[in-house]
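These are the residues of each chain, in order.
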Amino acid sequence: MPTLSFSSSSGSESSSSLKMSWSSPLDSTRLRRRRRVLYFACALFVTLLCGAWATIRFVERRPHLRNTEFVQTIIGPRPLPPLYHDFRKAERRLPQHQGKPFANGEKYLWVASHSCCSGWGNVMQDMILTAHLTHVSGRAFVFDDYLWVRGGPAYSEYNGKLIPAHIPMSAILAGPLVGEKWDANDTTPLSISKEYFQKICPKPHILHGEPVRAAHGNGASAQKITDTWIKYLADIDDPCVEIPGESGSIFHNFMFGSKEEILPIWPELSKSPVLTRLGWSSLAHNAVKTNLALLEPSMLHAKSASKADSDPYSQIEGLLAIHVRRGDFLEHCENLGHWGAGFLAFNQFPDFLDPWETPQGEEEQKMAVYRRRCVPTIQQIVDKVERVRQSKAGWGLRNIYIMTNGDTAWLSQLKDALREAFAWDSVATSRDMTLTWNEKYVAHIADMLIGQRAQVFIGNGFSSVTSNVAMIRQGKGFRPESTRMW
C-alpha cells in the first residue's frame, strides 16, 4: 500500500515546508531490473574486451593469420618489416657494377655454398674466412644477402613474427666485403654482388668441393683448407668460377668450435684487409649514436663531442659491455653440456684470461660448470662483473651495457642487482635502445659494434656473436685482458 510521509522545519514565523516522498513496490522492481541489466552489460563489455585482446595476441603470434585479408579487415594492416631497398639500390650503383666487367682482367669467385639460414654470428664467421680465401686467390669476392631462407618469398617467420628473409649485406656490413675499396696498393678486384655476378657470368666454371676436400682431408685447419683451394683456383683461367650450393661450406660450421683448426690461420687473417678494413653499416652507427647517452650518460651535459661520438670505431672509455644470452640458450647450454662442447675457437685466444677447461666430476658437477659459463645466474653475473671491475683492465669502468635477448622482467632484476653491488652511472640493455624501424631488424649489429668498442667486454664463450666480437677486438689491437668470458 502506498505510504505518505511528512516532515516539517521552521525558520521564520511565516516559513514552513512539507516534504513528501512517494514510493511503490513496482518502482523498486523496475530499479532492480535496471541494475541487473547494467551489471550484465558491464560484464559483457569486459568479456568482449578480454576476448578481443586475447584474439589479437593469438593472431600477432601467428603471421600466417595476421596477414590474411580477413584479419587485416578486422584489426587493420600491420607495417611489414623493411626490405632495405635503398641499400640494394646503392649496391647496384657501385662503380664496379657499371661499365665493362673484364676490361682489366678481373676474375671472380662466387661461393654459392656459403653458410646460410642461421644466426648472423655463424654466417659472419664463414663469410670472413671465405672472403679472405678469395682475396688471397686474387679474385673478386662475390657477396650475397644475409639469408634466412634461400630463394622464396621476401619474408620469413622467426618466433612467430615476420622478419625479412633477405637483407642486403650492405645493410649489415661496410668495407671491402660489400664492394668498398681495398687498401691503396691492393690490386685485387673489388667485390661484387651475386646479382651482378649472375648477370656477367651466365655460364661460370663450376668447381665442386669434393675433390678439394679430399685433397686437404678431414680435420684440416683453416689455413690448410685455404691453401688447398688457392692451388685449385690458380689452375683455372676462366674469369668466372662458382662453387655450387650442393658442395657444402668450404669451412664447415663445426670447425669454428676447434681452436686447433681455426687459430692457425690467425697470423695471416689478422693482417688481411678483409678484417682490418671490416666495418659496420650506417644502421649500426646511427643506432649507437642515437643511444650514446645510454653508454656515456655524461654526454647529456657535455658541451663538445667526445671521442666516442666523433670516431665511430674508437673505444668507449668507461664502458663495460656484457653479452648475456637467454631465450634459446637456456636449453642450448644444457645440450652443450651433454655433448661435451667447448668454447668457440675465436673465444680461445691463448692470451685470454678465461680459458675453457673441460669440467671433471659427476654429471651434475659438470653441468653446473656449463650453466655458470653459458647461462650464469644473476648472482654469478654480478660476481664476475665485480671481479672484472676491480681488475687492472676494469679501472675507470662506470657504465654497463647488456647485450641480450633476455625478457624485461629478468633483466630488471639483473639491473637492480648490478646497481646494488656498485654505484654504476648507467646500466642499460638491448631492450632500452631506441631504434628506427630499419634498425630494429638488424639490432644485433648495433650490439656487436658496442661490444667491439667497449673498454672491457665480457662474452659468452659458446656464442658465435661473442666470438666475432672477440676476433674483431683482437684484430683491432685491444688488450687481451680486456676481453673476458663468463
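Reading the values: the criteria
- Position labels on residues start from 1 in each chain and follow its written sequence.
- This being a predicted model, a pLDDT of at least 70 is required before a residue's local features are given, and a value of 80 or more before pairs of side-chain atoms are given or counted; all residues contribute to the totals for chains, interfaces and linings.
- Where side-chain values are given, they derive from all heavy atoms of the structure, hydrogens and water being excluded.
- What counts as an axis is a line fitted to C-alpha atoms, over the stretch in contact for a helix, and the angles between N-to-C directions run from 0 to 180 degrees.
- The numbering of helices and of strands both runs from the N terminus, where a helix is a DSSP run of H or I of at least 4 residues and a strand a run of E of at least 2.
- Roughly parallel means an angle under 35 degrees; roughly antiparallel means over 145; roughly perpendicular covers 65 to 115; every other angle is labelled oblique.
- Helix crossings are classified by the rotation of the near helix relative to the far one: an anticlockwise turn of less than a right angle makes the crossing left-handed, while a clockwise turn makes it right-handed.
- In this analysis, two residues are considered to be in contact whenever any of their non-hydrogen atoms come within 4.5 Å of each other.
- A pair of strands is considered paired only if DSSP assigns at least 2 bridges between the two.
- The aromatic pairing rule takes the rings of Phe, Tyr and Trp, using the six-membered ring of Trp, and pairs them if the centres are within 6.5 Å, calling planes under 30 degrees apart stacked, those over 60 edge-to-face and the rest tilted.
- In this scheme, a residue with accessible area under 20% of its type's maximum is buried, one over 50% is exposed, and one in between is partly exposed, where area comes from a 1.4 Å probe on protein chains only.

Participant: Could you clarify how one ought to interpret the packing of helix α5 (residues 120-137) against helix α8 (residues 222-234) in this entry?
Facilitator: A pair of packed helices can be characterised by two numbers: the angle between their axes and the separation between those axes. Between α5 and α8, the shortest axis-to-axis distance is 10 Å and the interhelical angle comes to 40°. Taken together, α5 and α8 sit at an angle that is classed as oblique. Here α5 runs over α8; the crossing is right-handed. Contacts from Leu 129, Leu 133, Val 136 and Ser 137 of α5 reach α8 at Ala 222, Thr 226, Trp 229, Ile 230 and Leu 233.

Participant: Could you clarify how one ought to interpret the environment of Ala 171 in this entry?
Facilitator: In this structure, Ala 171 sits in the loop between β8 (166-167) and β9 (173-174). Taking C-alpha positions, Ala 171 is 9.9 Å from Glu 91, a pair spaced 80 residues apart along the chain. Residue contacts for Ala 171: discarding those within four places in its chain leaves Tyr 84, Phe 87, Ser 281, Leu 283, Val 442 and Ile 445.

Participant: Even after reading the chapter, I still don't get the packing of helix α15 (residues 329-339) against helix α16 (residues 363-374), so can you show me in this structure?
Facilitator: Two numbers describe how α15 lies on α16: the axes approach to 9 Å, and their chain directions differ by 135°. In terms of their interaxial angle, α15 and α16 are classed as oblique. The element α15 and its partner α16 pack so that their crossing is right-handed. When α15 is examined against α16, the residues Phe 329, Cys 333, Glu 334, Leu 336, Gly 337 and His 338 are found in contact with a partner set consisting of Glu 363, Met 367, Tyr 370, Arg 371 and Cys 374.

Participant: What exactly am I supposed to notice about the sheet that holds strand β4 (residues 140-143) here?
Facilitator: Spatial strand order, β10-β4-β3-β12-β11: five strands in an open sheet with parallel pairing. Unpaired on one side and paired on the other, β10 (192-193) and β11 (205-206) mark the two borders of the sheet. Direction of pairing for strand β3 (residues 108-111) relative to strand β12 (residues 240-243): parallel, over a ladder of four bridges. Across the sheet, Tyr 108 pairs through a bridge with Cys 240, a residue of β12. Here α5 sits on the sheet in contact with β3 and β4, set at roughly 150° to β4.

Participant: Could you clarify how one ought to interpret the packing of aromatic side chains in this entry?
Facilitator: On inspection of all chains with the given rule, the structure shows 15 aromatic pairs. Note on Phe 343 and Phe 462: the rings are 5.1 Å apart at their centroids and 85° apart in plane angle, and the pair reads as edge-to-face. In this pair, Phe 343 sits in the loop between α15 and α16 while Phe 462 sits in the loop between β17 (454-459) and α21 (464-475), placing the two residues 119 residues apart along the sequence. Here Phe 343 and Phe 462 have matching classes, each one buried.

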